[in-house]
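Chain by chain, the residues run as shown.
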Amino acid sequence: MHIIFQQLLNGLSLGGVYALEAVGFGLIFNVLKFSNFSHSAIVAISAYFGFFISRYLFPNFAVTLLMTAIFGGLIGVVIEKLIFRPIRLKNAPLTLFLVNSITAAMLVQQVFAATLGSDYYTYPEFMKETAWRLGAFTVSKTYVIMLTISALVLLFLSYIIRKTKIGIAIRAASSDIRTPSLMGVNVDFIVSVAFFLAGILGGITGYLLGMTYSVDPFIGSMILKGIIAAIIGGIGSLGGGVIAGLLLGATESLLISQIGASLTPIVVYSSIIILLLIRPEGISGKRFIVKA
Amino acid sequence: MIELIGCTVRYGGITALDNVSIKIPDGKIVSIVGANGAGKTTTINVISGMVKLAKGSILMDGESLTLPPHRIVKKGIVQIPEGRKIFPTITVAENLILGAFIIKDRERIKANMERVFKLFPILKERMNQPGGTLSGGEQQMLAIARGLMSDPKILLLDEPSLGLAPNLVLEIFDMIKQLNREGLTILLVEQNAQKALNISDYAYVLETGRIVSHGEGSKIAGDPVVKKAYLGIKEV
């Protein structure tokens, strides 16, 4: 029994990271209507950044996590300015955004492979004790912390998106990106904020993944699970992405404990295909109309 | 006062506005009438900064007004766009808050919201509904209310009566007159020429990007040449 409980907790905390990925991906999709694979570049760059600062500068978990989050946000802003803004201002077709986002992801991956690819990088041990004992249960501290952080970050983001004027402008821009400027909204700035927020999520994702596993050039490709969660959740619905992320993480983890690590992905991926055949709008149930 | 001087706009090879000069004096209602594709919306978009000039200039109180759209709003010039452009997924209240985006003071935003709720009580009832669930008339009211949220000096109204039932059209025109009496300067673009001319101090007639006639609203309304042009339009 307690093995299942532990698996569930592990799964949920991994699911929390999928949820971060799903929301980071979904946020940009909502505003600019393209699949932003360059989110994986932010995750990878941040994973290395988090490793280097925690290993060589400040061996403190909270400080380095916060620094990596902000760093990820800034990388998001830079990527948008470099590769998306120029084509947006020229009204380029959405396909071009997609191509640029994939190219950026590949570029970053290959740069890391060429420079740091021969080694694995392991984050320092932040805690002396890695587990809490609660009666018969043993709870991994790392997993509890991961889940807590994901939850806090998502609550923070939800507050910004729901309650602030910038958040309202982001939601307005997701249905119509031109009109907010008639209300005095600087749309370029709103897009930057969206990339900053998504980048913060990417930075935290990179840090948490780097801390849980180890850092290699292909760590960014782990956002694929988050993209799947965003789609199962019903793309366009950030809340749906969170639920789908948690479900995906928990399901994976429980399946691994029952049928093993090699069969699990096969079962998971085929279930997703079947789920989307039955319910193409995802679990949130909102039909999303892609404009182009 | 806003002044357009010799404004020319081209979309690719097509000239949408050709050497257009218009004056919008403070406190007046000025209308631009003309057929579909005459360049009415382009004129409004040029003032709003949504469309770039190929030639000419726009002045506000003698100073150049070539700014990006969000900075134009800070100058007190607000466009109520054609087709309302209500944000469908956010609530009525959030649409209004967005209208006050340039205002930092929360109390002022609240006060402005109470003021537009007095003008359009139905919006208060609907404040927590998504904008997309409103009827066409309610959406037009919301579009005007949203425009008023930033305390503008000049309203640019693009086809406010389009697609509305006749009684609502009257209501909207009454509202425009009332706003003008309260001190707002209004530029009104309309295909519903007769009604627009009736409430206008001054009017311009646009045809394929050029001004073909201008004068006091009542004179334009009675001008046989203009009438003929309008008969032509009605056949389309």
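Scroll up a little and you will see the structure.
In this report, we go over the structure that sits alongside the text. (Residues numbered from 1 in each chain as written. Chains lettered and ligands numbered in written order. Predicted model: local features only at pLDDT ≥ 70, side-chain atom pairs only at ≥ 80, totals over all residues. Heavy atoms only, no water.)

Turning our attention to the interface of chain A and chain B. Listed per partner, the contact involves 18 residues of chain A and 24 residues of chain B. Per-residue buried area on chain A facing chain B is highest for Lys165, Leu182 and Met183 of chain A; these three make up 38% of the total on that side. Where chain A touches chain B, the interface holds five residue pairs in polar contact (both at pLDDT 80 or more). Looking at the side of chain A that touches chain B residue by residue, the class counts come to eight nonpolar, five polar and five charged. (Contact = heavy atoms within 4.5 Å. Buried area = accessible area lost by both parts, 1.4 Å probe. Polar contact = N/O pair within 3.5 Å; in protein donor to acceptor, adjacent residues only side chain to side chain. Nonpolar A, V, L, I, M, F, W, Y, C, P; charged D, E, K, R; others polar.)

Residues and elements named next belong to chain A. Tallied over the entire structure, the rule returns 19 aromatic pairs over all chains. Relative to phenylalanine 84, the ring of phenylalanine 34 lies with its centre 4.8 Å away and its plane at 50 degrees, an arrangement referred to as tilted. Here the residue phenylalanine 34 occupies a position in the loop between helix 1 (2–32) and helix 2 (39–57), and phenylalanine 84 occupies one in helix 3 (residues 61–89), the gap between them amounting to 50 residues. When sorted by exposure, phenylalanine 34 lands in the same class as phenylalanine 84, which is buried. Ring geometry for tyrosine 123 against tyrosine 207: centres 5.1 Å apart, planes inclined by 85 degrees, an arrangement best described as edge-to-face. Of this pair, tyrosine 123 sits in the loop between helix 4 (94–116) and strand 1 (131–134) while tyrosine 207 sits in helix 7 (residues 187–212), and the two are 84 residues apart along the sequence. (Phe/Tyr/Trp six-rings, centres within 6.5 Å; stacked < 30°, edge-to-face > 60°. Helix = DSSP H or I, 4+ residues; strand = E, 2+ residues; numbered from the N terminus. Buried < 20%, exposed > 50% of the residue type's maximum accessible area, 1.4 Å probe, protein only.)

This part covers the pattern of salt bridges. Counted under the stated rule, the structure contains 13 salt bridges over all chains. Between arginine 108 of chain B and aspartate 151 of chain B there is a salt bridge, with the nearest N and O atoms lying 2.8 Å from each other. Taken together, the positions of arginine 108 of chain B in helix 4 (residues 106–119) and aspartate 151 of chain B in the loop between helix 6 (136–148) and strand 7 (154–158) put the pair 43 residues apart, joining distant regions of the chain. Under the relative-accessibility criterion, aspartate 151 of chain B is labelled partly exposed at 27%. Put simply, Glu80, Arg85, Arg88 and Asp188 of chain A are held in one network by salt bridges that share partners. (Salt bridge = Lys/Arg side-chain N within 4 Å of Asp/Glu carboxyl O.)

Residues and elements named next belong to chain B. Strand order in the open sheet formed by six strands is 6-7-8-3-9-10, and the pairing between neighbours is mixed. Strands with a single pairing partner mark the edges of an open sheet, and in this sheet they are strand 6 (77–80) and strand 10 (210–216). The mean inter-strand angle of the sheet, taken between neighbouring strand axes irrespective of direction, is 15 degrees. In the sheet, strand 9 (residues 202–207) pairs with strand 10 via six bridges, with the strands oriented antiparallel. Looking at the pairing, glutamate 207 lines up with arginine 210 of strand 10. Contacts from helix 1 (residues 40–48) reach strand 3 (29–34), strand 6, strand 7, strand 8 (185–190) and strand 9, with the element oriented near 150 degrees to strand 7. Packed onto the sheet, helix 7 (residues 166–181) meets strand 3, strand 7 and strand 8 and runs at close to 155 degrees relative to strand 8. (Pairing = 2+ DSSP bridges. Axes fitted to C-alpha atoms, helices over the stretch in contact; angles between N-to-C directions.)

This part is about helix 3 of chain A. Residue and element names in this part refer to chain A. Over its 29 residues, helix 3 extends 40 Å from the first C-alpha to the last, a length consistent with the 42 Å expected when each residue adds 1.5 Å. In helix 3, a bend of some 45 degrees at lysine 81 exceeds every other bend along the element. For helix 3, the side-chain oxygen to backbone nitrogen distance between the N-cap and alanine 62 is 3.0 Å, and the N-cap itself is asparagine 60. In the stretch just after helix 3, asparagine 91 is the one whose phi turns positive, near 55 degrees. (Expected span 1.5 Å × (residues − 1). Bend = angle between axes of the 7 residues up to and from the residue.)

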